[in-house]
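# Structural overview for review
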Amino acid sequence: MDAGINRCRVAPIVQTGAAVAEGEIVAQGESLAMHASVSGVVERADAEQIVIRRGLAPSTVSALKETSCPQNAADLARIAREMGLVGMGGGMFPASVKLGTGWQIHTLVVNAVECEPGIQIDEALILHDTDTVRSGIDCVTAALAIKRRVLVVKRTAANHIGSFAASCAADVLTMPNRYPAGAEKLIVARLDGRMPPAGLLPVQCGYLVLSVASLWAIGRWQLYREPSILRPLSLVTPSRPTRNLLVPIGTALSHILNTYGIGYNPEAHLLVTGGLMMGARATPKTPILKGTNAIFVQPILRRLIRPEEPCLLCGACFDVCPLNLHPIGMVERIKSGRRSPALATQLDECFLCGACSAVCPAEIPLVQYFRDAKRGLRA
Amino acid sequence: MNTIVSPFLRRGPNARDMMTGMLACLTVATVHFGLRYDAQFPARYALYLVLASLIDIFYVLLKDGRLALPRASTLVTAALLVLSVPARIPWWQIVAGLLVAILFGKRVVDPGALRVNPMLLGRLFMMLVFADSIQTWLAPGAEIDALSSATPLGLQASEGVAYSPLKIWMGDIHGDWEGIYAILPGAPGEVLPLLTLLCGLVLYMLGILDWRSGVMYIAGFALTCVALDMPLGIHLAAGATIFTAVYIVTDPRSMPGSKFGRLAAGVLAGALNAGIRKHGFYPEGVVLAVLFVNLLGPTLDRIAFQGRAYLLRRRAKARSQDSVCVCGMP
Ligand code: SF4
Ligand code: SF4
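Keep in mind that this is a model prediction, so the values were computed, not measured. Per chain, the residues get numbers from 1 upward, laid out in the order the sequence is written. In the order they appear in the text, chains get letters beginning with A and ligands get numbers beginning with 1. With the structure being a predicted model, the display of local features is reserved for residues of pLDDT at least 70 and the display and counting of side-chain atom pairs for 80 or more, all residues being used for whole-chain, interface and lining totals. By convention in this description, side-chain values take in all heavy atoms of the structure and omit both hydrogens and water.

### Describing the overall build of chain A
Secondary structure is summarised from DSSP: a helix means a run of H or I of at least four residues, a strand means a run of E of at least two, and numbering begins at the N terminus for each. The helix and strand inventory of chain A stands at 13 helices and 15 strands. The globule rule puts the C-alpha radius of gyration for 379 residues at 21 Å, and the 21 Å found for chain A is close to it. A principal-axis box enclosing the C-alpha atoms of chain A has dimensions of 60 × 50 × 40 Å. Put simply, chain A has 379 residues, and 57% of those count as buried. We compute the radius of gyration from the C-alpha atoms alone; for a globule the expected value is 2.2 Å times N to the 0.38, where N is the number of residues. Categorising residues by exposure relies on relative accessible area from a 1.4 Å probe, with only protein chains included: less than 20% of the type maximum marks a residue as buried, more than 50% marks it as exposed, and the intermediate range marks it as partly exposed.

### Some remarks on the overall build of chain B
Looking only at helices and strands, chain B has 15 helices and zero strands in total. Evaluated residue by residue, chain B yields a buried proportion of 55% over its 330 residues. In this description, contact between two residues means that some pair of their heavy atoms is separated by no more than 4.5 Å. The long-range fraction of contacts in chain B, counting pairs at least 24 apart against all pairs at least 6 apart in sequence, stands at 74%. Per-residue and other accessible areas follow the Shrake-Rupley method at a 1.4 Å probe size, with only the shown protein chains counted as cover for residues. Surface exposure of chain B reaches about 14,300 Å², of which carbon and sulfur atoms provide 68%.

### Digging into the sheet that holds strand β3 (residues 25-29) of chain A
All names here are of chain A. Any two strands with at least two DSSP bridges between them are considered paired. Reading across from one edge, β1-β3-β4 is the order of the three strands in this open sheet, with antiparallel pairing throughout. Each edge of the open sheet carries a strand with a single partner, namely β1 (10-12) and β4 (33-35). Adjacent strand axes in the sheet meet at a mean angle of 25°, parallel and antiparallel pairs treated alike. In this structure, β3 lies alongside β4, joined through three bridges in antiparallel fashion. Bridge pairing in β4 links Ile25 to His35. Helix axes are fitted only over the stretch in contact, all axes being lines through C-alpha atoms; the angle between N-to-C directions runs from 0 to 180 degrees.

### Focus: the interface of chain A and chain B
Taken together, the 60 residues of chain A in the interface contact 45 residues of chain B. Buried area is calculated as the accessible area (1.4 Å probe) missing from two parts once they are joined, with the contributions of both summed. The junction of chain A with chain B conceals about 4,700 Å² of combined surface from both sides, 60% of it contributed by carbon and sulfur atoms. Among the residues of chain A in contact with chain B, Arg281(A), Leu304(A) and Leu313(A) are the three that bury the most area, contributing 13% of the side total. The term salt bridge refers to a side-chain nitrogen of Lys or Arg lying within 4 Å of a carboxyl oxygen of Asp or Glu. The tally of links between chain A and chain B comes to three salt bridges. Note that Arg315(B) and Glu349(A) form a salt bridge whose closest N and O atoms lie 2.5 Å from each other.

### Here's the deal with unusual backbone geometry
Among all residues save glycine, negative phi is the norm, and among peptide bonds the norm is trans. At the junction of Tyr179(A) and Pro180(A), the peptide bond is cis and its omega measures out at -5° in the coordinates. Looking at the secondary structure, you find Pro180(A) in the loop between β9 (171-175) and α6 (184-192). Residue Pro7(B) is reached from Ser6(B) by a cis peptide bond, and omega for that bond is -5°. Along the chain, Pro7(B) turns up in the segment before α1 (15-36).

### Brief notes about the pairing of strand β8 (residues 148-154) of chain A
Residue and element names in this part refer to chain A. Burial runs high along β8: six of the seven residues are buried. Relative to β8, strand β7 (residues 107-111) runs parallel, the two sharing five bridges. Bridge pairing links Asn111 to Val152 in β8. Two strands pair when backbone bridges link them, and β8 and β9 are joined in this way by five bridges, in the parallel orientation. Bridged to Val152 within β9 is Leu173. As for the winding sense of the linkage, the β-α-β connection from β8 through helix α5 (residues 158-167) to β9 is right-handed. A right-handed crossover is one whose linking path, passing over the helix from the first strand to the second, runs clockwise when the strands point away from the viewer.

### Considerations on the domain arrangement of chain B
Residue and element names in this part refer to chain B. Residue ranges assigned to the domains are those given by an automatic or database domain assignment. Taken domain by domain, chain B consists of domain 1 (12-120) and domain 2 (210-322). With centres defined by C-alpha atoms, the gap from domain 1 to domain 2 works out at 25 Å. With 13 residues of domain 1 at the contact, the number on the domain 2 side is 16 residues. When domain 1 packs against domain 2, the two sides together hide about 1,400 Å² of surface, and 65% of this comes from carbon and sulfur. When the area that domain 1 buries against domain 2 is broken down by residue, the three leading residues are Arg115, Asn117 and Leu120, summing to 51%.

### Some words on the side chain of Lys154(A)
Residue and element names in this part refer to chain A. Within the element layout of this structure, Lys154 appears in strand β8. Pairs of N or O atoms within 3.5 Å make up the polar contacts considered here, provided that, within protein, one atom can donate a hydrogen while the other can accept it, and that residues adjacent in sequence are counted only when both atoms are side-chain atoms. Here Glu114 takes part through its backbone oxygen, which lies 2.9 Å from a polar atom of the side chain of Lys154. Setting aside its immediate chain neighbours within four residues, Lys154 contacts Val113, Glu114, Ile119, Thr174, Met175, Pro176 and Asn177.

### Thoughts on helix α11 (residues 211-227) of chain B
Here a helix's expected span is defined as the number of its residues, less one, multiplied by 1.5 Å. With 17 residues, α11(B) should cover 24 Å at 1.5 Å per step; its first-to-last C-alpha distance of 24 Å lies within 8% of that length. For α11(B), the complete set of buried residues consists of Arg212(B), Ser213(B), Gly214(B), Tyr217(B), Gly220(B), Phe221(B), Ala222(B), Thr224(B) and Cys225(B). Looking at the buried residues of α11(B), the elements they touch are α9 (316-320) of chain A together with α12 (232-237), α13 (241-248) and α14 (259-278) of chain B. Asp229(B) lies just past α11(B) and shows a positive phi near 65°.

### Details of the environment of Ser213(B)
Residue and element names in this part refer to chain B. Within the secondary structure layout, Ser213 lies in helix α11. Accessibility expressed as a relative area gives 1% for Ser213, which makes it buried. Taking the C-alpha atoms as reference, Ser213 lies 9.9 Å from Pro252; in sequence the two are 39 residues apart. When neighbours within four sequence positions are excluded, Ser213 is seen to be in contact with Val249, Thr250, Met255, Arg262 and Gly266.

### A short note on the environment of Val10(A)
One can find Val10(A) in strand β1. Along the backbone, Val10(A) and Glu30(A) are 20 residues apart, and their C-alpha atoms lie at a distance of 7.1 Å.

### A closer look at the site of ligand 2
Near ligand 2 the following residues occur: Cys321(A), Pro322(A), Pro327(A), Met330(A), Cys350(A), Phe351(A), Leu352(A), Cys353(A), Gly354(A), Cys356(A), Val367(A) and Phe370(A). Looking at the shell around ligand 2, the elements with two or more residues in it are α10 (327-336) and α13 (366-378) of chain A. Nearness is defined per residue: one heavy atom within 4 Å of the molecule or strand is enough.

### Concerning the confidence of the model for chain B
Residue and element names in this part refer to chain B. pLDDT is defined as a per-residue confidence score from the predictor, taking values between 0 and 100. Within chain B, residue pLDDT values average 78, and 77% of them lie at 70 or more. By mean pLDDT, the top-scoring element of chain B is α11 (91), and the lowest-scoring one is helix α9 (residues 177-180) (37). In this model residues 135-150 is a low-confidence stretch, pLDDT under 50, and it forms 49 contacts with partners more than four residues away in sequence or in other chains.

### Some thoughts on the pattern of salt bridges
Scanning all chains against the criterion turns up 21 salt bridges over all chains. Ionic pairing is found between Asp64(B) and Arg66(B), a salt bridge with its closest N-O pair at 3.6 Å. Given a relative accessible area of 41%, Asp64(B) falls into the partly exposed group. Salt bridges here are not isolated pairs; linked through shared partners, they connect Asp319(A), Asp210(B), Arg212(B) and Arg262(B).

### So, a nonpolar patch on the surface
Residue and element names in this part refer to chain B. Patches here are clusters of residues that have more than 30% relative accessible area and form no salt bridge, with a 9 Å joining cutoff for like charges and a 5 Å cutoff for nonpolar side chains (Val, Leu, Ile, Met, Phe, Trp, Tyr). Side chains of Leu198, Leu201, Tyr204, Met205, Trp211 and Val215 sit close together on the surface and give an oily, nonpolar patch of about 620 Å² of accessible area. Elements supplying a minimum of two residues to the nonpolar patch: α10 (193-205) and α11. If one sorts the elements of the nonpolar patch by residue count, α10 sits on top with four residues. Residue placement: Leu198 occurs in helix α10.

### Some details on the nonpolar core
Counting 72 residues, the largest nonpolar core has Leu26(B), Tyr45(B), Ile94(B), Leu98(B), Tyr247(B) and Ile248(B) as the members making the most contacts within it. Here this core gathers at least three residues from each of two domains, domain 1 (12-120) and domain 2 (210-322) of chain B. Excluding its chain neighbours within four sequence positions, the residues that come into contact with Leu98(B) are Tyr48(B), Leu51(B), Ile55(B), Ala78(B), Leu81(B) and Leu103(B). Take the buried residues of types Ala, Val, Leu, Ile, Met, Phe, Trp, Tyr and Cys, join any two whose side-chain atoms come within 4.5 Å, and each joined set is a nonpolar core. Counting residues in each nonpolar core, the second largest holds 65 residues, with Cys115(A), Ile119(A), Val236(A) and Leu9(B) among its members.

This is the structure we're talking about:
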């Protein structure tokens, strides 16, 4: 079971055939625990997957004995580990690592930007589960003795969720509506007045950036002692209004599609989890992960299947890159194998937002090259 | 189908939309010219485009042995060429120019390391080979772009015909000279700078053209005009200035891709063009200025790439000297 990126490996601690109750710990790792999101019998438990067949009457076992608020950063990090919290904005970085760095944090940044088109789950949480989000914010602020809170919203949402900021004594930072305005790096750059260099985490600059969904999960723990077993997400289909759902983690997509009567034809539709810009293609069997903030069922655009053409040097990718990198310059150098310090610097900086690929009129999969090259550089 | 990778969204025009947009604007210019000056021109324009398509089709047929639709960019190249040479030069000269632009420029030079504007290559060829016909067509001694503009500017310089920049902006070239000289001044694409400018604006708003090289070309041109003490109004209005800014220095493939590259190339092309007009050892300013800048393109892009990386590294260094990263607040 791989709940995300580094330090996120967990190993199952239950046996096949065991009965588990909702909320029971089923896998344990260095930075987080995983909990059963339904009550039932374990059908499969290996390094890849734990399958629980829903069966027993739902009975909630809280794995968390804690009753009081976390008192300090170490406390909070421990709780994050026990409740199995990862970055729920999509990054799936274990929150205990972020919280346990020991850096002096002066600002809590509540990221409600959701710049990926179509996703509105953070907005929905703020509007419909306001108290849970607020208690999550209060909990983190108290534990880390944070001086300043900032709610970051996109311009279109500034009016209706901006008012939430007043109720929790937060400043509002409005970001443009353009993708990728919600990237941590760009938000910190706005707050800080300068762009943090590659490799420097926002926490290292004193900014703790958490998505609304993560804070909501902390709020669930704070209010109900519930570990991270539910995933709020947007279900976006072309023909119907977007729905915002609360889904047990691990649910197969097919289950959700059937429940809502959404037709999915692999020939004509694209099933995507996470977001149309940075998400991944999925199959009906794909489970909901802790970072799955949206499901998209979209008709396949003609342009997506058009073959790659030679670069026109139209300059669109240069214009759109939020970091002013030189996307096609990098790709040319990667293709021809001309490794240079300048290329490494630019590659390091790129955070794979994919904005350049999306505008390329020649359909060059620029971001794909960067993803591969970054892997190559690391390996 | 399984090769579809993120992002799953597309923004802005794709290559075909871009070429279609350009072609539409050029066709508007053609129709305008037809309505006001030469009713046969649109038909000839269409024939040239058909011919360009045939050249492209035959090339692919001979080389790969298959039939393929002509590339949209070929049509744009052909349209640009036809519109930027005087309407009344002999047809076979235009055909020769088309052949050079499409076969040599687009098929031989373009995929290689050189990035030059194929349409300008065609014009360069016409300029060198058919110099005679250009000579007789142009009023002798004029200091302006010969092929592109036997314009009021030329007439004014050589024959003392009066002009009004405002009238030229409006494409009102029916002047006193018309009765005296049996020529139609200006190339079809260049006679109505106002229309060209409008088309450029529309193309920019559709995301088809980048503003940088065009605006910088005009800036470089204007500054050089002022510096060299040339009459700015007439030089901006007449000749190929606006046409070049909108359609030629914005040609994606042959200009640098980076923002810095475009700004620099634009200024350079503008300044060179104005300079050549002033100290014209050769009357064709646009072709030489832009071709020269085309050759510099890859270098400018390389400088920009290195420069960006240098700035990023310097920033990272400055930050790491901030000791334990106390950005903003303590
Ligand atoms: S957007 Fe695509 S075609 Fe345009 S310069 Fe970048 S890579 Fe080339
Ligand atoms: S993916 Fe493209 S647009 Fe995004 S940061 Fe990297 S180079 Fe820039």
